[in-house]
Number of protein chains: 2
Amino acid sequence: MATIRYLSRIEFEFGAIGLLPDLLTELGVEQPMLVTDPGVVAAGLVERAGTMRAAFLETPGNPTEDAVLAALEVYRAGGCDGLVALGGGSSIDLAKGVGLLASHAGSLSDFGVLAVSPKAIGPIAPVVAVPTTAGTGAEVGRAASITLRDGRKAACVSPMLIPKAVICDPELTLSLPPRMTAATGMDALSHGIESFVSTRVNPPAAAIALDCVARAGAWLVRAVEDGADREARWQMMMAALEGGMTFQKGLGAVHAASHPLGAFGLHHGTLNAVLLPAVLRFNADHAAEGYDRLAKAVGADDLADWVEGLNRRLDLPTGLREMGVAETDLPALAADAAADHLSETNPRPATAADYEAILRTAMG
Amino acid sequence: MATIRYLSRIEFEFGAIGLLPDLLTELGVEQPMLVTDPGVVAAGLVERAGTMRAAFLETPGNPTEDAVLAALEVYRAGGCDGLVALGGGSSIDLAKGVGLLASHAGSLSDFGVLAVSPKAIGPIAPVVAVPTTAGTGAEVGRAASITLRDGRKAACVSPMLIPKAVICDPELTLSLPPRMTAATGMDALSHGIESFVSTRVNPPAAAIALDCVARAGAWLVRAVEDGADREARWQMMMAALEGGMTFQKGLGAVHAASHPLGAFGLHHGTLNAVLLPAVLRFNADHAAEGYDRLAKAVGADDLADWVEGLNRRLDLPTGLREMGVAETDLPALAADAAADHLSETNPRPATAADYEAILRTAMG
């Protein structure tokens, strides 16, 4: 069992979900609400969470304001005092949103980073995150990104949103299908890559990012080709956790571009995978040393080529066009990407015109 | 400026001590007590801490129960509500001890890990750590090791003892003399080496440990040979911080052996340096892969040889004999080392007989 304490307390091992009842007791949570999605329900994982006071099972693919409010009603009706998020990034972010609104007056848009004057976020209802993908890193992240009713994204960011405890149980990912394993694995990889070369100074985070990339590079193909490989599942869950731990160093253009694309209902991890090669080449002169170090860590000559090859090997889409994006969408997407706060820490400054070129290249 | 959040919030930059007043305000501390030592006073660094309600300037080389109690009196007499530790590991640990006793009934021995049934440690008075050496890592550590009146060490260990905030200002180390720079630098290096191969599973800590070793390996000699080299001072302070961040992965035989030796009044970092080669060779078969990785990271063939060479280059003692230890001391020291909780995570199990052999080798 690995107990890791970096901002969060993480219990990491096969079968760790068995610790959940005691963990909830330790956190003083007596009436927990489960937050999960239909895929997790269908995979038969819900019963492993044990007894819950209430449950919200309908988390959508990307968390929405409506879903948060619906879950909040269930939370209040149940007299709940804490949340267990069992699922991917969407369930985890949704639980953070519920925890926030359960303890603060206001609506989600009041707390987002792009609000005119974002409201302060204080302590929220306790959230225990139990990821079932590997993964978004949301289990250790400070952010909850919720699509508001008007279509805009409210990115709520605060150390207060970090789940109080995390259970990383690779057992829960054994049944994750190859396509999802690939997509969420590429999400983890993108976190390590982006944070390693981001402009903020944070050597511990950079060290973890390097390990994340090396680990995902070594194990992702195996996890996709043989989902029953327990070692591969353990390794990818660790890589995903590490990717999440690097967020504080800042991400970059891949995430700045994939955020607005998320509003199209497209999968975040898949988008990151598809955008990576174009961004890596755009950044190349501004992050040469970093990319070389990462390439070496995965046994490759060129990082962009390697990622492209990996996408092909994992049978991911060849471009945004294949995912349903049209040329006419690009200018608006590019403008949103340039305005995304994550663009600020990209190693190379990127304008809307730059993003349009990147997106065009990534159309495939 | 690097703001790093891993259990603690760390503000890392030249001049960062200027943030102290605002940091104290943020933490709700209005009547801070300064904890420091005569060396820091002599170096003229105290005034940089700004206005303090009270001050304890007499922290000894290794923190003692008497010193904690004396400082506690000053704290109470001043009606203080928080502490600023400006100094090395001793000042930082002493401040933790004061914060503990200021908020808990009982005496230090009640809280130590070796107590029959250690009392629980809850929230303590806020401590801001401002290291002036590079360093012990105590600024991010969960432990406060205090020598009790009867000579035993009370190792108080709890996440509650982690300073609420840390200011890492390399400016404060510019005047650190070469001998101290070498000794505290070797302490930082020993943390990275020991945690990298310790038996606990914690990949993020291991990643940070690797970076710590590479960084200290690259910059310690420079920092010792030219103390005015700002880059070298920044790098060594970062290496020391990283070393402290790895503690949660567990240390090993070097620290298990240096702990009882600390009761002789000998410098902790110097002891670690002197003990390292013998321990590295004792562990060699049980940590071959890890040591190879570290050796590669510092550009060496053999890690033990490299450390020995480094000690010589830095003009550190050639052995324990030179530091005043006698052969007749060894059996008792060895027994204490084998019983030290840090021995549990050494990559190779070590008995009292093993420690006696290690210590004998390290006599020099």
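As the structure is a prediction and not an experimental result, all values here were calculated from the model.

Right, let's get into unusual backbone geometry. Cis rather than trans, the peptide bond between Ala-134 of chain A and Gly-135 of chain A has omega equal to -25°. Of note, Gly-135 of chain A is situated in the loop between strand E6 (127–131) and strand E7 (143–147). Of note in this structure, Asp-315 of chain B is not a glycine but carries a positive phi near 60°. Tracing the backbone through its elements, the reader meets Asp-315 of chain B in the loop between helix H12 (303–313) and helix H13 (330–339).

This part covers the domain arrangement of chain A. All names here are of chain A. Taken domain by domain, chain A comprises domain 1 (9–172) and domain 2 (176–362). If you average the C-alpha positions of domain 1 and of domain 2, the two centres end up 24 Å apart. Summed over both sides, the interface between domain 1 and domain 2 buries roughly 2,000 Å², with carbon and sulfur atoms accounting for 66% of that surface. When residues of domain 1 are sorted by the area they lose upon contact with domain 2, Phe-12, Phe-14 and Ala-134 head the list and together hold 28% of the total. One salt bridge connects Arg-230 with Glu-171, and the closest N-O pair in it is separated by 3.4 Å. Taken together, the residues of the side of domain 1 that touches domain 2 sort by class into 11 nonpolar, seven polar and six charged.

Right, let's get into the environment of Ala-138 of chain A. Mapping Ala-138 of chain A onto the fold places it in the loop between E6 and E7. Setting aside its immediate chain neighbours within four residues, Ala-138 of chain A contacts Gly-89, Ile-92, Asp-93, Lys-96, Pro-163 and Phe-247 of chain A.

Let's shift gears to the pattern of salt bridges. Considering all chains together, one arrives at 34 salt bridges over all chains under this definition. Residue Lys-96 of chain B is joined to Asp-93 of chain B by a salt bridge in which the shortest nitrogen-to-oxygen separation is 3.8 Å. Here the residue Lys-96 of chain B and the residue Asp-93 of chain B both occupy positions in helix H4 (residues 89–101), the gap between them amounting to three residues, near one helical turn. As far as burial versus exposure is concerned, Lys-96 of chain B and Asp-93 of chain B are alike and both buried. Linked through salt bridges whose partners overlap, the residues forming this network are Arg-321, Glu-327, Glu-356 and Arg-360 of chain A.

The rules behind these values
Residues numbered from 1 in each chain as written. Chains lettered and ligands numbered in written order. Predicted model: local features only at pLDDT ≥ 70, side-chain atom pairs only at ≥ 80, totals over all residues. Heavy atoms only, no water. Helix = DSSP H or I, 4+ residues; strand = E, 2+ residues; numbered from the N terminus. Domains from an automatic or database assignment. Buried area = accessible area lost by both parts, 1.4 Å probe. Salt bridge = Lys/Arg side-chain N within 4 Å of Asp/Glu carboxyl O. Nonpolar A, V, L, I, M, F, W, Y, C, P; charged D, E, K, R; others polar. Contact = heavy atoms within 4.5 Å. Buried < 20%, exposed > 50% of the residue type's maximum accessible area, 1.4 Å probe, protein only.

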